[in-house]
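If you want the building blocks of each chain, they are given just below.
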Amino acid sequence: MYKRFRDAIVFPEKIIQYRKDSFFLIFAYILLFSIVLSTYTIIYVASFDQIDIATREQMNEDLITEAVDCQIVNSELVCTNQIIKAIYDDGEVTKVFVDSSETINFSNYDLLAINVIFHKDEYIIYVGGLSENNPIADLPLGLQNIDFNDLANDHDGFSEEFITGVEQIMIDHIWVWGSLFIAGVVFVNMLLIIIVILLVSWILKSRFRIIPFKEIFRMATYVSTTSFIILTFNNLLGLYYFFMFLLIIISFRQVNKLSIGILKVIKK
């Protein structure tokens, strides 16, 4: 693996010797750089200790502004009527509900979302078909006694107590949402890497039609290594235009050097 990494950066013309690598090795290489490309997210999750101000403001906007006739009194949910109501929805993956049903019916909840459900004397975290039950008494004091009518009557006061509670939940259960978050980012980055590889493969295939596509794809994977590294630094530093310009120049250089190496082999 090291030789392939070295040659991909320093001697791209030598990559042709790896054109018959197993697809398991190619997949492992793509997965490795998908994880590397997710470095910023991994650092964020590993160092998480509070919700930043910008996120707090967005969460305040994502809370509903209508009264919900439920309260948490002495760490137990009390509602006037049976109700299942989302009080928070970020529009992406996180939702918070009050559920006064006698028993929880998980079919009412999005399987792919991170659902936090207040039910009786517990709050339940339901993600991907798995659930974890925790006593409301373990939450910060502000959430052990709270009136959901204040969503309309005292929205800012409710929001402060709610966000502080969510922050504590996130810290206590970082392995749940953190693992899901990282896995999702790794998957998205894998798709991005495959798109880059396919683009490079198309360029190489248009030049060397006699080479089978599977060999082209293997070489394109390795020759794109520098692009993956640039994308990683772009994610960490956020210098978008500069790194995109650098990406285009270096990618062209690496592909061109590989093309020269392929031509030498063909002429032999």
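Residues numbered from 1 in each chain as written. Predicted model: local features only at pLDDT ≥ 70, side-chain atom pairs only at ≥ 80, totals over all residues. Heavy atoms only, no water.

## A look at helix α2 (residues 23–37)
Along an α-helix, residues three or four positions apart point the same way, because every turn accommodates 3.6 residues. Rules: Helix and strand definitions follow DSSP, with helices as H or I runs of at least four residues and strands as E runs of at least two, each counted in order from the N terminus. Under the convention used throughout, the expected extent of a helix is 1.5 Å for every residue step, that is, one less than its residue count. A simple rule labels every residue: compare its accessible area, found with a 1.4 Å probe on the protein chains alone, to the largest value its type can have, and call it buried under 20%, exposed over 50%, or partly exposed in between. The arc in question is formed by the directions pointing from the helix axis toward the C-beta atoms.
Between its terminal C-alpha atoms α2 stretches 21 Å, which fits the 21 Å expected from 15 residues at 1.5 Å a residue. Burial in α2 covers these residues: I26, Y29, I30, F33, S34 and L37. One face of α2 carries all of its buried residues, which in axial projection span an arc of 135°.

## What about the sheet that holds strand β4 (residues 94–99)?
Strand pairing in a sheet relies on backbone hydrogen bonds, with the paired strands running either antiparallel or parallel. So the rule is basically this: In this description, strands pair whenever DSSP reports at least two bridges between them. Where helices are involved, their axes are fitted lines through C-alpha atoms of the stretch in contact, as for all axes, and angles between N-to-C directions lie from 0 to 180°. What makes two residues a contact is simply this: any of their non-hydrogen atoms within 4.5 Å.
The mixed open sheet is built from 5 strands, whose spatial order is β3-β4-β5-β6-β7. Each end of this open sheet is capped by a strand with a single partner; those strands are β3 (84–89) and β7 (130–135). Ignoring which end each strand starts from, the neighbouring axes of this sheet average 20° apart. Strand direction decides the pairing type here: β3 and β4, joined by 5 bridges, are antiparallel. Among the inter-strand pairings, A86 is bridged to a residue of β4, identified as F97. Against the sheet, helix α8 (residues 174–207) makes contact with β5 (114–119), β6 (122–127) and β7, and its axis sits at roughly 20° relative to β6, the strand it touches most.

## So, the packing of helix α4 (residues 53–62) against helix α7 (residues 155–172)
Put simply, the rule reads: Roughly parallel means an angle under 35 degrees; roughly antiparallel, over 145; roughly perpendicular, 65 to 115; everything else is oblique. By definition, any crossing whose near helix is turned counterclockwise from its far helix by less than a right angle is left-handed, and any crossing with a clockwise turn is right-handed. Each residue gets one of three labels, nonpolar for Ala, Val, Leu, Ile, Met, Phe, Trp, Tyr, Cys and Pro, charged for Asp, Glu, Lys and Arg, and polar for the others, Gly among them.
The N-to-C vectors of α4 and α7 enclose an angle of 120°; their axes lie 10 Å apart at closest approach. One element, α4, and the other, α7, form an angle in the oblique class. Between α4 and α7 lies a crossing whose hand is right-handed. Contacts between α4 and α7 involve R56, M59 and N60 on the former and, on the latter, H155, D156, S159, E160, F162, I163, T164, V166 and E167. Looking at side-chain class alone, the contact of α4 with α7 contains 4 nonpolar, 4 polar and 4 charged residues.

## Considering the environment of E122
For clarity, the cut-off: Any pair of N or O atoms that falls within 3.5 Å is considered a polar contact. Within protein, one atom must be able to donate a hydrogen and the other to accept it, and sequence-neighbouring residues count only if both atoms are side-chain atoms.
Looking at the secondary structure, you find E122 in strand β6. On the basis of relative accessible area, E122 is assigned to the partly exposed category, the value being 26%. Separated by 17 residues in the primary sequence, E122 and L139 place their C-alpha atoms 9.8 Å from one another. Look past the residues within four positions of E122 in its chain and what remains in contact with it is I117, N133, N134, P135 and I136. Reaching out from E122, the side chain makes a polar contact with the side chain of N133 at a distance of 3.0 Å.

## Points about the pairing of strand β1 (residues 70–73)
With burial as the criterion, only one face of β1 is covered, namely that bearing C70 and I72; the residues Q71 and V73 on the opposite face remain uncovered. Across 4 bridges, β1 lies against strand β2 (residues 76–79) in antiparallel orientation. For I72, the partnering residue across the bridge sits in β2 and is L77. Here β1 folds back onto β2, and the loop between the two strands holds 2 residues, one of which, N74, carries a positive phi near 50°. Where β1 and strand β8 (residues 146–147) come together, 2 bridges link them in antiparallel fashion.

## Digging into the nonpolar core
Where we set the bar: By nonpolar core is meant a set of buried Ala, Val, Leu, Ile, Met, Phe, Trp, Tyr and Cys residues that side-chain atoms within 4.5 Å join together.
Ranked by size, the top nonpolar core spans 35 residues in total, and within it I87, F118, F148 and F162 carry the most contacts. Secondary-structure elements contributing two or more residues to this core are β1, β2, β3, β4, β5, β6, α7 and α8. Those residues in contact with F148, other than ones at most four positions away along the chain, are E66, A67, V68, C70, Q71, I72, L77, I87, V98, F118 and F158. Ranked by size, the runner-up nonpolar core spans 25 residues in total, among them A8, I193, F208 and V223.

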